[in-house]
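Each chain, letter by letter, is given below.
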Number of protein chains: 2
Amino acid sequence: MKPTIYDVAEQAGVSIATVSKVVNRNGKISEQTRERITKIMADMGYFPNLVASALSSKKTYMIGLLLPDISNPYFAELARHIEDRAQELGYNIVICSTDNRMDKESEYLTFLQQKGVDGIMLSTGLANPQSLELLLERKLPIVLISREVPQTAVNTVIVDDYMGGYLATSHLLQLGHRDIAIIVESMDLASSRGRLKGYRSALQEYEIPYLEQWVTVSEFTIASGMEAAGRLMDGPGRPTALFACNDLLAIGTIQAARARGIAVPDQLSVVGFDNTFLATLIDPSLTTVGQPILELGRQAVDLLHKEMIGDGQAKQRIVLLPELVVRSSTASIPH
Amino acid sequence: MKPTIYDVAEQAGVSIATVSKVVNRNGKISEQTRERITKIMADMGYFPNLVASALSSKKTYMIGLLLPDISNPYFAELARHIEDRAQELGYNIVICSTDNRMDKESEYLTFLQQKGVDGIMLSTGLANPQSLELLLERKLPIVLISREVPQTAVNTVIVDDYMGGYLATSHLLQLGHRDIAIIVESMDLASSRGRLKGYRSALQEYEIPYLEQWVTVSEFTIASGMEAAGRLMDGPGRPTALFACNDLLAIGTIQAARARGIAVPDQLSVVGFDNTFLATLIDPSLTTVGQPILELGRQAVDLLHKEMIGDGQAKQRIVLLPELVVRSSTASIPH
DNA sequence: AATATAGAGTTAAGCGCTTTCCCCTATTCA
DNA sequence: TGAATAGGGGAAAGCGCTTAACTCTATATT
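Attention here is on the structure that accompanies the text. (Residues numbered from 1 in each chain as written. Chains lettered and ligands numbered in written order. Predicted model: local features only at pLDDT ≥ 70, side-chain atom pairs only at ≥ 80, totals over all residues. Heavy atoms only, no water.)

**Quick look at the interface of chain B and chain A**
Phase 1 of the analysis: At the junction of the two partners, chain B supplies 49 residues and chain A supplies 49 residues.
Phase 2 of the analysis: The junction of chain B with chain A conceals about 4,600 Å² of combined surface from both sides, 58% of it contributed by carbon and sulfur atoms.
Phase 3 of the analysis: On inspection of chain B and its partner chain A, the count reaches 6 salt bridges.
Phase 4 of the analysis: Put simply, Arg80 of chain A and Asp99 of chain B hold a salt bridge, and the shortest N to O gap is 2.7 Å.
Phase 5 of the analysis: Here chain B is connected to chain A by 24 residue pairs in polar contact (both at pLDDT 80 or more).
Phase 6 of the analysis: Elements that contribute at least two residues to the side of chain B that touches chain A include exactly helix H4 (50-57), helix H5 (73-88), strand E2 (92-97), helix H6 (102-114) and helix H11 (247-259) of chain B.
Phase 7 of the analysis: The biggest single contributor to the side of chain B that touches chain A is H6 of chain B, with 7 residues.
Phase 8 of the analysis: A breakdown of the residues in the side of chain B that touches chain A according to their chemical character gives 25 nonpolar, 12 polar and 12 charged.
Phase 9 of the analysis: In this sheet, E2 of chain B lies alongside strand E2 (residues 92-97) of chain A in antiparallel orientation, the contact comprising 3 bridges. What sits directly across from Ile93 of chain A, in E2 of chain B, is Ile95 of chain B. (Contact = heavy atoms within 4.5 Å. Buried area = accessible area lost by both parts, 1.4 Å probe. Salt bridge = Lys/Arg side-chain N within 4 Å of Asp/Glu carboxyl O. Polar contact = N/O pair within 3.5 Å; in protein donor to acceptor, adjacent residues only side chain to side chain. Helix = DSSP H or I, 4+ residues; strand = E, 2+ residues; numbered from the N terminus. Nonpolar A, V, L, I, M, F, W, Y, C, P; charged D, E, K, R; others polar. Pairing = 2+ DSSP bridges.)

**Digging into the packing of H5 of chain B against helix H12 (residues 293-308) of chain B**
Two packed helices can be described by the angle between their axes and the distance between those axes.
Residue and element names in this part refer to chain B.
Phase 1 of the analysis: With their axes 8 Å apart at the nearest point, H5 and H12 run at an angle of 45° to one another. In terms of their interaxial angle, H5 and H12 are classed as oblique. Between H5 and H12 the crossing geometry is right-handed. Across the interface between the two elements, Tyr74, Glu77, Leu78, His81, Ile82, Arg85, Ala86 and Glu88 of H5 pack against Ile293, Leu294, Leu296, Gly297, Arg298, Val301 and Asp302 of H12.
Phase 2 of the analysis: Residue composition of the contact of H5 with H12, by class: 8 nonpolar, 2 polar and 5 charged. (Axes fitted to C-alpha atoms, helices over the stretch in contact; angles between N-to-C directions. Parallel < 35°, antiparallel > 145°, perpendicular 65-115°, else oblique. Left-handed = near helix turned anticlockwise from the far one by under 90°.)

**So, the environment of Ile16 of chain B**
All names here are of chain B.
Phase 1 of the analysis: Its location among the elements puts Ile16 in helix H2 (residues 16-24).
Phase 2 of the analysis: For the pair Ile16 and Val217, spaced 201 residues apart in the sequence, the C-alpha separation amounts to 62 Å.
Phase 3 of the analysis: In this view, Ile16 contacts Ile5, Tyr6 and Ala9; residues no more than four positions away in its chain are not counted.

**A short note on the protein's contact with DNA strand D**
Phase 1 of the analysis: Near DNA strand D you find 27 residues, and of these Thr18 and Lys21 of chain A together with Ile5, Ser20 and Tyr46 of chain B are the closest.
Phase 2 of the analysis: For DNA strand D, the fraction of atoms within 4 Å of the protein that belong to sugar or phosphate moieties is 64%.
Phase 3 of the analysis: One of the backbone N or O atoms of Ser15 of chain A is found 3.0 Å from a phosphate oxygen in DNA strand D.
Phase 4 of the analysis: Residue Lys21 of chain A places a side-chain N or O atom 2.8 Å away from a base oxygen belonging to DNA strand D.
Phase 5 of the analysis: Counting only elements with at least two residues in the surface near DNA strand D, the list comes to helix H2 (16-24) and helix H4 (50-57) of chain A together with helix H1 (5-12), H2 and H4 of chain B.
Phase 6 of the analysis: Residue composition of the surface near DNA strand D, grouped by class: 11 nonpolar, 13 polar and 3 charged. (Near = heavy atom within 4 Å.)

Here it is as structure tokens:
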């Protein structure tokens, strides 16, 4: 049977309190006994039972990570960085793919709370403000990452979507494009609205009118990006450039263009968003707005950590700045 | 404060044992009290504390998932299917990216055991037989998925690598290729050895000699695939076809070819392995050996589940069969 | 009529830790 | 010399649940 703290205590001829203090390096223990007990623990192959420890200390050292879909490369990368940083701080990650569905989201949230996770990291688009409020009431540490929920006082780490949209569109404008379409993920997402706003701002700066007909809403997949881009291309007055609000959609766009014999970037410039590894994989390689995914993950974990250990200053919103990464999917408009 | 089982019991005027039985739907409780208590629980917003429950029942309803890297699309997809099935059965997944490093692997394994996970799913290449033995000794349910560890009596769900290698190579041979190179992931992996064996078998069947010079070992990334493929192409006597042991390597190969002005598939046919979504994304779309990833995930979870609930028959090894998916990266050799 | 049995609950002993007091001894200080 | 104090360790009360064993009725069995 696995040895418990009692076995160790007995073996060492001390109380379990003493052993506990050795394990947790707190309380006053002489150097000798500490070493003696440490050795005994090693000999017996003793490891503290973290479930029991969690029950009395209220700390499970687990973080719940809710995101739309772990098999989406953007979120997979993000998850990886979150996992790495969490591991450094001694936490494990429980993944929860919600598919942006409210029912899954609440189901997972209930579960996670029951399991006593120390904190929750939420990257799930349509985060239900109601369930969010509930969590906040329960004082459960939360950090929103990559997707924010406006009008809610909760720690948040995001990238400046407005600026991203602006950068992408300005780049196209500078290349001489005037007929620029945009595909957004979903108007329910604050991030989409921000990117769209950046798009409009850039247009305005160049005194180009904003046309509803060039704004398309799509799902999160390559296939639906293809379909949405197809609609734009087959419509009247084809755009010469297209800004897709994530790399998946941009890739769908390139594929749609290819299917129609429209050359990228010669006949159509395409800009993506996220700068996942897919961007360098597609041909032509994708010009895209780069998110500092690593930073995003690390900072979010650090913020959550602070809240979890009760180093809770005021809530904050950290906004990281995106960067345009120019590759081969954009070109100046032929005169 | 969050209500506990005591609060509910008091409110209902019964003992906590009764409440516990209502929660767990076991024991003998009259329909009336059951309903009454259920209502009280709902009114109070009571949810059982699963940490406490875990301490006494020894069940955490958590599964540890060890894999090389969650940001690798193959493993991300696999993880997603595992997560989905686990969720259906009431389990959560703790992800652990090991980078195929033994130190990370053991660190995570220790952690997971301390946290009392009910089972472990291992998809981590070089699984250290020693730590594996240790887990088996402790009677911790384990399932190996996608990567097997030979000579160890442990439940395993894999795909038939030998057959996959054979299918890929035969396809190329049928297209008339005779100079066929292969890039494997790492000779430490049983899967690599299996695929290589299939490659040899197919060659033998066509009475083509097996040449060491056409076997290259690479890492798991696109970049290293590019580099490995480059070595092959720049060497003397360029192959007319190449079998890459995963899609990432195949994509690296296509990029390496592109960089050298070698046309795929006209001057070089390329076959991948895994059939991740990347295969349809690259241009030309990739002919690849398709793994039934969904089935792999589901079966592995089901097998683990059986072991966890003690429905433990003999250990088994489930081998799923791969399927060749022909796309545009292969063509018959020009006469 | 006496006994067995099934039904509905209760009691209480854990599960393996953490943590707050508390105690004892040895040293230090005035 | 007596009191204060610091150091090292222990006792015991939880943490919130599960579960074996038990009690008490009410009904069925022979």
